[in-house]
Each structure stands twice: as C-alpha cells, then as structure tokens.
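Structure assessment
Next come the chains, spelled out residue by residue.
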Amino acid sequence: MSKTVITSQHSTARGTHRSYVIGFVLSLLFTFIPYVLVTQGLVSGAALALLLVGFALAQLLVQLKFFIHLGHENGPRWNAVAFLFMVLVVGIVVVGSLWIMHNLNYNMMPNDMDHYMNEQQNSGGF
Amino acid sequence: MIEPATAKQVHASNLQHEADSKTIFGFWVYLMTDCVLFASLFATYAVLRNNTFGGESASDLFSMPYVLVETLILLTSSFVCGLAMLAVHQRDKRKALISFAITALLGLTFLGMELYEFTHLVHEGNSWRESGFLSAFFTLVGTHGAHITVGLIWMGVMMLQLKKRGFTHGVTRRLTLLSLFWHFLDIVWIFIFTFVYLLGATNL
C-alpha cells in the first residue's frame, strides 16, 4: 500500500533565500554604477546613454530571474512567452512612435520666409 | 510541502492548483498589458522631454541624491517582498506578516518621498500644466505612483487576511499575485530612474 503525496505544482517558480540576495546585491550594483557615472560625470554623450540603458536592461534581467523567476516554472513556459510577446508589442509601439514623432517634428517645423522660398526647390523627406 | 494524502484530496488539490495556475497566468498577462501602458507613457515622455516651454528642464529640477534614496528604498522593499514570499511558502505566519509590514513601510516611505517631490515641484510653479515635458513627467511618474498606492492598499488588506485566516489557498494565491505586482513596480521604476532622472540630469 503506497501513500499518495500532494506535491505542489506552481505556475510561478519559487525562489530561494540565495536567489533573492543575489538579485538584491546585483540590483544594488546596477543602480550605483549608473548613478556614479552620471553624478561624477565620468562618461558623457552617446557612450553614457548606452551604458545607462545597458545597466537598466541588466537590472531588468536580474530582477526577472532572481525576483520573479521567469522561465523557471514547471511545465510550459507561457509566462515567458507572454513576456516576449509584450516585448514585441512594446518594440513596435515605442520605436514606431519615436520614428513618427521625429518625422513629424522635422516635417512640420515652421520655416521663415526666405528659408521657405529656398526649400521650394528641394525635395522633402526625412 | 509534502504530506500523505487520499486520492480524493490529491485530485481536489490538483484541480485547485490548475485553477491557481490559470489565475496566476491571467494576472501575469494583465501585468504585460500594464507594461505596454507604461511603454506608451515612456514614449510620450521621450518625445516631450525637451519641450520645456522656456521653463525649467529635467537637469534643473531633479535632485540625484533624493532619487537615489527613493530607488534604494523601493528596491529594498521588492527584496523584502521576496523574503516575505519565502516565509509564505514555509508557512511561517509571523515572519510573513513582519516581512510584508516592512515591505509596506518601505513602500509608504517611497510614496511619501514622491508626493513630497511632486508638491515641491507644484509649489515652485512647475506643475503638469506648465509644459509638455512636465505633463509627460507627472503622467508617467504619477501613474507609477498610483500603482504603488493601489499595491499598498492591497498589501494592507492581504496582511489583515493573512492575520485572520492564515495560509488558506486563496490567501496564498493572492499573496503570490501581490508579490508579482510589487516586483513589477520596482522593475518599472528602474526605467523611470534611468530614463527620466539619470538621463534627465545629463540632458540627453
């Protein structure tokens, strides 16, 4: 006669104490480094922007893995699929909006008269 | 947790877990739509960040040390929320209640700091009415703050439920959803911290 056991199935994975501590420490690191870069003026321009975005994305991944445990759940990883689809939608919305608004900004910019007369000769476009 | 069970109990438990996993997934899908909402607010802010209408800009208005403290407080509360969920899975009621209380306290501190920042901006004449930049700022950061507020109310309710009912199936499931929500809010803040405050300070 065997005893049946209740095992817990989770659609969210669970963490361990260790995972939360690692996530916390890494997040702290990825918060302080950009902060110091900006407040100390160590880097500037496009390089700084890239670094800041990079650290933000890194911290996102850290928190997704160590706090939310995305992708570690039992069974089919529908959480991860939904997340990736969100990224796709966000990509379309944000990139599309920025592109369109940049375009509008340029093409709708008011000119003064002389500039307008000269512009008549040229072709439009972005 | 593993314990011996009758076949009937296992079946009921499995049905409950299946129902739970659908609820949790459904809540996750809601969080994904919330991401799209925030993304559109970020895009709006990106477009309007330099439209200061002659008024003060991000680099004039934001205090870096202040925002760093806010960020650390929210990050810590997300971490403690994780510890709270560990206590939930260990069925340690006292530890869970204390951890959620600390999470909520930190969240309240964050919210208080943010409200102070907002009132200060308005009193200095930099309300959301003054420019596109400020409209976008208040909408984006304010929406995040509204989510924090709702999360704190939810947390208060859940602490009461946990205290009164203990670790019932419903309470455990709802605490799981709440912790997902709370982690999500800290993740959104990472991007506010980076794109609004850090990049704002550098005029990029």
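As shown above, the structure is provided for reference.
Residues numbered from 1 in each chain as written. Chains lettered and ligands numbered in written order. Predicted model: local features only at pLDDT ≥ 70, side-chain atom pairs only at ≥ 80, totals over all residues. Heavy atoms only, no water.

Quick look at unusual backbone geometry now. Residues and elements named next belong to chain B. In this model, Phe53 sits at a positive phi of 55°, which is unusual for a non-glycine residue. Looking at where Phe53 falls in the secondary structure, it is placed in the loop between α1 (7-48) and α2 (58-61). Overall, Phe53 belongs to the exposed group, its relative accessible area being 76%. Within the chain, Arg91 stands out as a residue other than glycine whose phi angle is a positive 60°. With respect to the helices, strands and loops of the structure, Arg91 is situated in the loop between α3 (64-89) and α4 (93-123). (Helix = DSSP H or I, 4+ residues; strand = E, 2+ residues; numbered from the N terminus. Buried < 20%, exposed > 50% of the residue type's maximum accessible area, 1.4 Å probe, protein only.)

Residues and elements named next belong to chain B. Direction vectors running N to C along helix α5 (residues 132-165) and helix α6 (residues 169-201) enclose 155°, while the axes themselves pass 10 Å from each other. With respect to their mutual orientation, α5 and α6 come out roughly antiparallel. In the packing of α5 onto α6, the handedness of the crossing is left-handed. A class-by-class count of the residues in the contact of α5 with α6 yields 21 nonpolar, four polar and two charged. (Axes fitted to C-alpha atoms, helices over the stretch in contact; angles between N-to-C directions. Parallel < 35°, antiparallel > 145°, perpendicular 65-115°, else oblique. Left-handed = near helix turned anticlockwise from the far one by under 90°. Nonpolar A, V, L, I, M, F, W, Y, C, P; charged D, E, K, R; others polar.)

What follows is about α6 of chain B. Residues and elements named next belong to chain B. For α6, with 33 residues, the first-to-last C-alpha span of 47 Å sits near the 48 Å given by 1.5 Å per residue. When the local axis directions of α6 are compared, the greatest deviation, roughly 30°, occurs at Phe193. Of all 33 residues making up α6, 28 are buried, and the element is well covered by its neighbours. Asn203 sits one or two positions beyond α6 and adopts a positive phi of about 60°. (Expected span 1.5 Å × (residues − 1). Bend = angle between axes of the 7 residues up to and from the residue.)

Contacts between the two partners involve 50 residues from chain B, matched on the other side by 49 residues from chain A. Approximately 4400 Å² of surface area, both sides summed, lies buried where chain B meets chain A, with 80% of it carried by carbon and sulfur atoms. There are zero salt bridges connecting chain B and chain A. For the pair chain B and chain A, the interface holds two residue pairs in polar contact (both at pLDDT 80 or more). Residue assignment for the side of chain B that touches chain A shows that the elements contributing at least two residues are β1 (4-5), α1, α3 and α6 of chain B. The element that contributes the greatest number of residues to the side of chain B that touches chain A is α1 of chain B, accounting for 17 residues. Residues of the side of chain B that touches chain A, tallied by class, amount to 33 nonpolar, 14 polar and three charged. (Contact = heavy atoms within 4.5 Å. Buried area = accessible area lost by both parts, 1.4 Å probe. Salt bridge = Lys/Arg side-chain N within 4 Å of Asp/Glu carboxyl O. Polar contact = N/O pair within 3.5 Å; in protein donor to acceptor, adjacent residues only side chain to side chain.)

Our focus in this paragraph is the pattern of salt bridges. Residues and elements named next belong to chain B. Within this structure, the stated rule accounts for one salt bridge over all chains. Between Asp20 and Arg173 there is a salt bridge, with the nearest N and O atoms lying 3.1 Å from each other. Placement of Asp20 in helix α1 and of Arg173 in helix α6 is noted, with a sequence separation of 153 residues between them.

Quick look at the environment of Glu56 of chain B now. All names here are of chain B. Topologically, Glu56 is positioned in the loop between α1 and α2. A relative accessible area of 36% places Glu56 in the partly exposed class. Put simply, Glu56 and Phe138 are 82 residues apart on the chain and 14 Å apart in space, counted from C-alpha to C-alpha. Not counting the four nearest positions on each side in its chain, Glu56 is found in contact with Leu61, Asn126 and Phe133. Within polar-contact distance, the side chain of Glu56 engages the side chain of Asn126 at 3.1 Å.

With the rule as written, the count across this model stands at 23 aromatic pairs over all chains. Ring centres of Phe27 of chain B and Tyr30 of chain B lie 5.5 Å apart, and the angle between their planes is 55°; this geometry places the pair in the tilted category. Taken together, the residues Phe27 of chain B and Tyr30 of chain B, both in helix α1 and three residues apart, mark about one turn of the helix. What makes Tyr30 of chain B partly exposed here is its relative accessible area of 33%. Three or more aromatic residues joined by ring pairs form one cluster here, namely Tyr45, Phe62, Phe110, Phe118, Trp128, Phe133, Phe137, Phe138, Trp189 and Tyr197 of chain B. Above the face of the Phe66 of chain A ring, Lys65 of chain A is positioned so that its terminal group lies 5.5 Å from the ring centre. (Phe/Tyr/Trp six-rings, centres within 6.5 Å; stacked < 30°, edge-to-face > 60°. Lys NZ or Arg CZ within 6 Å of the ring centre and 35° of its normal.)

Function cannot be inferred from these measures alone, as they are strictly geometric.
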